[in-house]
Every structure is written in C-alpha cells, then in structure tokens.
Amino acid sequence: MPVNQNIQNFYRTAADKDFSRDFLFRVTQMQLQGVPALEEGDLIYVKTAALPGRNIGNIAVPYMGLNLNVPGAVSYPGSDAYSLSFYLDAESNLRNYFEQASRSLFDDQTSTGEYGTPDDDFFIQLAQLDKELEPVAQYKLVGASLRSIDNIGYDIANGTGATVAIDATMSYHFYTKEQ
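Peer 1: Explain the overall build of the protein to me, please; I cannot follow it from the model alone.
Peer 2: Secondary structure summary: the protein contains three helices and ten strands in total. Ordering the α and β elements of the protein from the N terminus gives α-β-α-β-β-β-β-α-β-β-β-β-β. Taken over the C-alpha trace, the protein has a radius of gyration of 21 Å; the compact-globule value for 179 residues is 16 Å, which it surpasses by more than 25%. Judged by the C-alpha coordinates and their principal axes, the protein covers about 70 × 45 × 35 Å. With 179 residues in all, the protein has 29% of them scored as buried. Sequence separation of 24 or more characterises 67% of the internal contacts of the protein that already satisfy a separation of 6 or more. With an accessible surface of roughly 12,100 Å², the protein has 51% of that area assigned to carbon and sulfur atoms.

So this is what it looks like as structure tokens:
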C-alpha cells in the first residue's frame, strides 16, 4: 500500500481539521488550599500555561533473551512543578493572593499551616478552545497546591514601562479529562 502523505493531502486535511493555536488555551478556575478561588477577572492575567502530560510506565518482562514490554503504573510528569505565568496587576493582587496561599500552607511565624494532603476540592481547571473560544476539551488538575512564588524583576534604572510578570509553581496529584 503506497503512503500518500503529499502536499495536496496535507493541505486538504489541514483545511478540514485546521490547527490548534498557541493562544487557544485558558486557565478557567483555580482553587488552592487556604485561599478563596480565583475569579475569571484574575485568571484573565494568565500569560502562559501548559496542557500536562501523562505517562504509562513500562515493565520489562524478560523471557528467553527477549524483553516483553508490559504497561505499568501511570505518572504525571511535571505534576510536582506545574508553572503558570501571569501578568501582574497594578495593585499586586495576584502577588498578595499567592503570598496568602503560601503562608496558609506554612506560616513561619507560628510554625503552623494547612500542609495536609490537598483533596479534590483544590484544583486548576484548564480549557483548550476553538476559534470561537468554546472549549473543545477541559482538564482538571486535582489536588492543586502552591509550591513557589518566583521573584518579580523590576528594572528601575533602565525600565521602559514594560509589563511585569509573576510566576507561580503548583503541584497536583493527577488530572481528569472533563470533556
């Protein structure tokens, strides 16, 4: 059977199915331990995010010099360090939100905090979108919890008035596909 992956077939398929674009993705909800949920007006500031991966481990079963490859347990690469980048709002509400979440998890003033295992009440909701901004797929990162707030860089001497970003890293246990 000949392979018929030529330019014309690629063009026809691309015209029929189109392409996902790098801006057709949104974080639609976020509920972290110790803080109220972020609203849509806060999440509009998300600059970059990623659709997470999922791996099935391999179990090699040797028999007479040949390894049979058997599927094993699931893992979620990057689930310990899921990064989100935000435009920082002028009043630093997002920085304050992440500070509150961080201190809620562990307060070094009192050596107390909500550092238990986050359950499914804490999540990050993601949506892949079509060109009409309608979800084509939705994912829920279950057990979301803040891990770090990155430094925010300011350039007082040579600043141009560029916007400033705040990056935060979360962890989650696994994701579910909602749609």
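Having seen the structure, we can now continue with the description.
Peer 1: How do you make sense of the environment of Glu132 when you look at a structure like this?
Peer 2: Along the polypeptide, Glu132 turns up in the loop between strand 6 (123-129) and strand 7 (135-142). The class for Glu132 is exposed, based on a relative accessible area of 60%. The sequence separation of Glu132 and Asn151 amounts to 19 residues, and the corresponding C-alpha distance is 35 Å.

Peer 1: Is there a simple way to explain a nonpolar patch on the surface in this structure?
Peer 2: A surface patch of nonpolar side chains, about 400 Å² in accessible area, is lined by Ile59, Val61, Leu66, Leu68 and Val70. Of all elements in the fold, only strand 3 (55-63) and strand 4 (66-75) reach the threshold of two or more residues within the nonpolar patch. A per-element tally of the nonpolar patch places strand 4 first, with three residues. With respect to the secondary-structure elements, Leu66 resides in strand 4.

Peer 1: Would you mind going over the pattern of salt bridges with me for this structure?
Peer 2: Note on pairing: side chains with opposite charge can pair once their charged atoms come close. Considering all chains together, one arrives at five salt bridges under this definition. Notably, a salt bridge pairs Asp18 with Arg21, separated by 3.2 Å at the nearest N-O pair. Taking relative accessible area as the criterion, Asp18 reaches 32% and is therefore assigned partly exposed. With a closest N to O distance of 3.5 Å, Glu99 and Arg103 form a salt bridge. Of this pair, Glu99 and Arg103 both sit in helix 3 (residues 93-105), separated by four residues, roughly a single helical turn. Through salt bridges with shared partners, one network takes in Arg95, Glu99, Arg103 and Asp108.

Peer 1: When you look at the nonpolar core in this model, what are you seeing that I'm missing?
Peer 2: Note on soluble globular proteins: their nonpolar side chains tend to be buried together. With 32 residues, the main nonpolar core has Met30, Phe86, Phe98, Ile124 and Met170 as its most contacted residues. Only strand 1 (25-31), strand 5 (82-87), helix 3, strand 6, strand 7 and strand 9 (165-171) provide two or more residues apiece to this core. With five residues, helix 3 is the single largest residue contributor to this core. Beyond its immediate chain neighbours, meaning those up to four positions away, Ile124 contacts Val27, Gln29, Met30, Tyr82, Leu84, Tyr139, Lys140, Leu141, Ala144 and Met170.

Peer 1: Is there a simple way to think about the sheet that holds strand 10 (residues 174-177) in this case?
Peer 2: Read from one edge to the other, the open sheet built from four strands follows the order 1-6-7-10, with strand pairing classed as antiparallel. The open sheet terminates on both sides in strands that have one partner only, identified here as strand 1 and strand 10. Strand-to-strand twist in this sheet, taken as the mean axis angle between neighbours without regard to direction, amounts to 20 degrees.

Peer 1: Would you explain the sheet that holds strand 8 (residues 145-149) in this entry?
Peer 2: Strand pairing within a sheet occurs via backbone hydrogen bonds; the two strands may be parallel or antiparallel. Ordered by their spatial adjacency, four strands build an open sheet running 2-5-9-8, and the pairing between neighbours is antiparallel. The open sheet is flanked by strand 2 (46-48) and strand 8, the only strands paired with a single partner. Averaged over all adjacent pairs, the angle separating strand axes in this sheet is 40 degrees, with direction ignored. Note that strand 5 and strand 9 share six bridges and pair antiparallel.

Peer 1: Please explain unusual backbone geometry as it appears in this structure.
Peer 2: A negative phi holds for most residues other than glycine; trans holds for most peptide bonds. Phi at Ser92 takes a positive value of approximately 60 degrees, unusual for a residue other than glycine. Considering the arrangement of structural elements, one finds Ser92 in the loop between strand 5 and helix 3. Notably, Leu133 is not glycine yet its phi reads approximately 65 degrees, a positive angle. In this structure, Leu133 sits in the loop between strand 6 and strand 7.

The rules behind these values
- Residues numbered from 1 in each chain as written.
- Predicted model: local features only at pLDDT ≥ 70, side-chain atom pairs only at ≥ 80, totals over all residues.
- Heavy atoms only, no water.
- Helix = DSSP H or I, 4+ residues; strand = E, 2+ residues; numbered from the N terminus.
- Rg over C-alpha atoms; globule rule 2.2 N^0.38 Å.
- Buried < 20%, exposed > 50% of the residue type's maximum accessible area, 1.4 Å probe, protein only.
- Contact = heavy atoms within 4.5 Å.
- Areas by Shrake-Rupley, 256 points an atom, 1.4 Å probe, with all protein chains shown as cover.
- Patch = residues over 30% accessible without salt bridge, like charges linked within 9 Å, V, L, I, M, F, W, Y side chains within 5 Å.
- Salt bridge = Lys/Arg side-chain N within 4 Å of Asp/Glu carboxyl O.
- Core = buried A, V, L, I, M, F, W, Y, C linked by side-chain atoms within 4.5 Å.
- Pairing = 2+ DSSP bridges.
- Axes fitted to C-alpha atoms, helices over the stretch in contact; angles between N-to-C directions.

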